[in-house]
Structures are given as C-alpha cells and as structure tokens.
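One-letter residues, chain by chain:
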Amino acid sequence: MLQELFPDAKTVGLLYCSAEANSQYQVDTIKAFLEEKGYSCEYYAFSDSNDLSAVVTEAANTVDVIYVPTDNTAASNTEIINNICQPAGVPVVAGEEGICAGCGVATLSISYYDLGVATGKMAAKILTGEADISTMPIEYAPNFTKKYNAANCEALDIKIPEGYEAIAAE
C-alpha cells in the first residue's frame, strides 16, 4: 500500500503508545517488513496522550509517511494526530478503519463481523473437542479491503488508485 500510494517515500515513522504491548508487537512486525522493502523506519513512541503532540510533531518533521497500528491511545486521539500531520503534509496510514477515519489516508481494513464469525468457529471446535487450544493454529481475518479517507486524501492532494473503497463519512 505504501509503495502504491507513496512511491517516493523513503522514511516511515511508526507512531504508537509504548504502554500497549499489542502496539509494540505490530510496529516491530511492520518495521521488519518495511525495511525488507527498502524503507527506513523510525519508532515514535508516546507513553500517553500527554506527550502525543510532541511526539507526532517530531515525527511529522522527520518522515515521509506515518504508520499508526491498531493502538487504543492513538484511536482516542486521532484529532491531535490529524491536526499536526495534515498541515505538515504528512500522510498517515492506519492499521484499522476507525483510526483511518480520524487521521489517516488509507488502511487495509478487516470486517470485525467476519473476524467474529471465524473466532466463533474456532471456539466451537474447542468446545466440541474437535481442536486442542494448545495446538490449534492461529487464524486471521478471512478478507481485507483497501479503504481510504476521502477528506484527508483531498486535503493532502492524494490521488487514490482503483481498487480502494471510501470510508463512509459519519
């Protein structure tokens, strides 16, 4: 998605809350992937919403694109992120649709309904004895959709290629 939307980008800022272990795992995973693709990645960790503004400002002054994983603190503070990144002309790629709707330009979205169905099927296998939870393989969301935030893309003059679906405005 980064290569498709921002072919000239070289540096990616990984913005996340250091108090959330799930966010650390996500940025570590995406950092390895992006570096393999030739990007330079920098961590921009904030400990809570109090230092978010300073960290986002530093990132926006340094990188070409910012990536925000599915991070609860970032999700609660998308307006702060957007109010810094948009005037700086720095696009945000988000780990999920809600964050993208608040401050992002694009995301690879999953259906939480479909994920719930898959989880329910896994639970049923465990409850009926068809599967052992300790040896059961991890399953992932069955479908992904490329989505974009039309308002943020327009503000940043980003042209979205075919194959993306606009996030419904609230």
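Q: Looking at this structure, I do not really get the overall build of the chain. What am I missing?
A: Scanning the chain for helices and strands turns up 8 helices and 7 strands. With respect to the three principal axes, the spread of C-alpha positions in the chain is 55 × 35 × 35 Å. With 170 residues in all, the chain has 39% of them scored as buried. Taking contacts inside the chain between residues at least 6 apart in sequence as the whole, the part at least 24 apart equals 71%. Taken as a whole, the chain presents about 9,500 Å² of accessible surface, with 52% of it coming from carbon and sulfur. Between the mean site of the 8 positive side-chain charges and the mean site of the 24 negative ones, the chain shows a separation of 9 Å.

Q: Explain the environment of Cys17 here, please?
A: Of note, Cys17 is situated in strand E1 (residues 11-17). Sequence separation between Cys17 and Tyr44 is 27 residues; the distance between their C-alpha atoms is 8.6 Å. Those residues in contact with Cys17, other than ones at most four positions away along the chain, are Ser23, Phe46, Ser47, Asp71 and Thr73.

The rules we used
- Residues numbered from 1 in each chain as written.
- Predicted model: local features only at pLDDT ≥ 70, side-chain atom pairs only at ≥ 80, totals over all residues.
- Heavy atoms only, no water.
- Helix = DSSP H or I, 4+ residues; strand = E, 2+ residues; numbered from the N terminus.
- Buried < 20%, exposed > 50% of the residue type's maximum accessible area, 1.4 Å probe, protein only.
- Contact = heavy atoms within 4.5 Å.
- Areas by Shrake-Rupley, 256 points an atom, 1.4 Å probe, with all protein chains shown as cover.
- Lys, Arg positive; Asp, Glu negative; His and termini not counted.
- Charge placed at Lys NZ, Arg CZ, Asp CG, Glu CD.

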